[in-house]
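Structure at a glance
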Amino acid sequence: MEIIQSKDNNLIKETKKLKEKRYRTERKQFLVEGFRFVEEALKSSFKIPYLFLSEDAMDRWQSFNLEGKLQDSTKVYIVSESIFRLLSSTETPQGIIAVVCQDKAALEDKDGFYILADKLQDPGNMGTIIRSAHAAGAAGVIVTKGTVDVYNEKTLRSTMGSIFNIPIIEDVDLKITDCLKTKGFKLIVSSLEDSKNFYDTDLNQNIIIAVGNEGSGISQEIYKLADIKVKIPMPGNAESLNAGAAASIMLFEIVRQKLTIAN
């Protein structure tokens, strides 16, 4: 372990920049905070070049035994509480931050189901979708251009570590969605017009479920590619569902149908 004593240290200044999206995008790196979260990162395939540890958190460092879980190339730096707070994005920091390299996911040639986040803006919704997709066993999460940054600190916290356990696939020009469709995947979108009850839809096939923007819904680009238009019945007559809730409902209906067939 090395000690950094100055807030003007170049590594501290460069790491602090990763709190901004443009630097995360440029460097293909992001920050994760908290002992459980860092532990999940260390167990994953993501590369972690640096760890920053507050000198006030040494006891917790020992209790989590993270030293024995470090990657060979990971460097650990001890910093004062005041320097640590320059890097932290939380009100009550736990005392550990990791710099993590983004792991660009490629489309895998296998059967299953994907969820597509189409221009979602709320970090909490995005994080919930990633977490639910991981829990449901989805093959991946596809995000279109204009969707909130999945490496935003609020999104990351909402994933509860699932960010490290499911492929996140960027589909800037919809070529990936088109590719899946040519492989036989059916694109399902929610629609109030010409739509069928979601629970009457056969989900035991290769499918992509699209969830749209919180305000404007599914974009026209995705809507035109749709194979199946559905709506989730709402007998209580609410106007709409939270995007994260709607995605979770649809994902676990897939799970239910698959379990029904298996049994």
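An account of the accompanying structure is given in this report. None of the values given here were measured: they were computed from a predicted structure.

**A short note on the pairing of strand S9 (residues 186-190)**
Regular strands show a simple pattern: their side chains alternate between the two faces of the sheet. Of the strand pairs in this sheet, S9 and strand S11 (residues 207-211) are connected by three bridges, and their pairing is parallel. Looking across to S11, one finds that Ile 188 is bridged to Ile 209. Two elements, S9 and strand S12 (residues 228-231), share three bridges in a ladder whose sense is parallel. Following the sheet pairing, Ile 188 is matched in S12 by Ile 228.

**Describing the sheet that holds strand S2 (residues 29-33)**
Reading across the sheet, the five strands line up as S1-S4-S3-S5-S2 and stay open at both edges, with mixed pairing between neighbours. Of all strands in the sheet, those bounded by a partner on one side alone are strand S1 (2-4) and S2. In this sheet, adjacent strand axes meet at a mean angle of 25 degrees when their direction is disregarded. With five bridges joining them, strand S3 (residues 50-54) and strand S4 (residues 75-79) adopt parallel strand pairing.

**Observations regarding the sheet that holds strand S10 (residues 196-197)**
Strand order across the open sheet formed by seven strands is S8-S7-S6-S11-S9-S12-S10, with parallel pairing between neighbours. The open sheet has two edge strands with one neighbour each: strand S8 (168-171) and S10. Bridging between S10 and S12 involves two bridges; their strand directions are parallel. Within S12, the position partnered with Lys 196 by the bridge is Val 230. Where helix H8 (residues 175-182) meets the sheet, its contacts fall on strand S6 (113-117), strand S7 (140-144), S8, S9 and S11, and the angle it forms with S8 comes to roughly 105 degrees. Against the sheet, helix H10 (residues 243-262) engages S6 and S11, with an angle of about 160 degrees to S11.

**A word on the nonpolar core**
Core analysis: the largest hydrophobic core is formed by 55 residues, its most contacted members being Val 32, Val 100, Ile 115, Met 126, Val 141, Ile 163 and Phe 164. Setting aside its immediate chain neighbours within four residues, Met 126 contacts Ala 117, Leu 120, Val 141, Val 143, Thr 147, Val 148, Val 150 and Thr 155.

**Details of the environment of Ile 3**
Mapped onto the elements of the fold, Ile 3 is located in strand S1. You can call Ile 3 exposed: its relative accessible area is 61%.

**Brief notes about helix H6 (residues 123-136)**
Here H6 spans 20 Å end to end across 14 residues, near enough to the 20 Å set by a 1.5 Å rise per residue. Residues of H6 that are buried: Pro 123, Asn 125, Met 126, Gly 127, Ile 129, Ile 130, Ser 132, Ala 133 and Ala 136. Where H6 is buried, its residues meet S6, S7, helix H7 (153-159), S8, S11 and H10. Structurally, the start of H6 carries an N-cap: the backbone nitrogen of Gly 124 is 3.0 Å from a side-chain oxygen of Asp 122.

**As for the pattern of salt bridges**
Evaluation of the coordinates by the stated rule reveals 13 salt bridges. Arg 85 serves as the salt-bridge partner of Glu 81, at 3.5 Å between the closest nitrogen and oxygen. One end of the pair is Glu 81 and the other is Arg 85, both in helix H5 (residues 81-87) and four residues apart, which spans about a single turn. The exposure class of Glu 81 is partly exposed, given its relative accessible area of 24%. For Arg 256, the salt bridge identified is with Glu 253, shortest N-O distance 2.8 Å. Here Arg 256 pairs with Glu 253, and both are found in helix H10, just three residues apart, close to one helical turn. Judged by relative accessible area, Glu 253 falls into the buried class, the value being 4%.

**Side note on the packing of aromatic side chains**
Applying the stated criterion across every chain, the model contains ten aromatic pairs. When the ring of Phe 52 is compared with that of Tyr 77, the centres are 5.7 Å apart and the planes differ by 25 degrees; the resulting orientation is stacked. On the criterion of sequence distance, the pair formed by Phe 52 in strand S3 and Tyr 77 in strand S4 is long-range, its members being 25 residues apart. Residue class for Phe 52 comes out buried when judged on its relative accessible area of 0%. Of the aromatic side chains, those joined through ring pairs into one cluster are Phe 30, Phe 37, Phe 46, Tyr 151 and Phe 164.

The rules behind each value
Residues numbered from 1 in each chain as written. Predicted model: local features only at pLDDT ≥ 70, side-chain atom pairs only at ≥ 80, totals over all residues. Heavy atoms only, no water. Pairing = 2+ DSSP bridges. Helix = DSSP H or I, 4+ residues; strand = E, 2+ residues; numbered from the N terminus. Axes fitted to C-alpha atoms, helices over the stretch in contact; angles between N-to-C directions. Contact = heavy atoms within 4.5 Å. Core = buried A, V, L, I, M, F, W, Y, C linked by side-chain atoms within 4.5 Å. Buried < 20%, exposed > 50% of the residue type's maximum accessible area, 1.4 Å probe, protein only. Expected span 1.5 Å × (residues − 1). Polar contact = N/O pair within 3.5 Å; in protein donor to acceptor, adjacent residues only side chain to side chain. Salt bridge = Lys/Arg side-chain N within 4 Å of Asp/Glu carboxyl O. Phe/Tyr/Trp six-rings, centres within 6.5 Å; stacked < 30°, edge-to-face > 60°.

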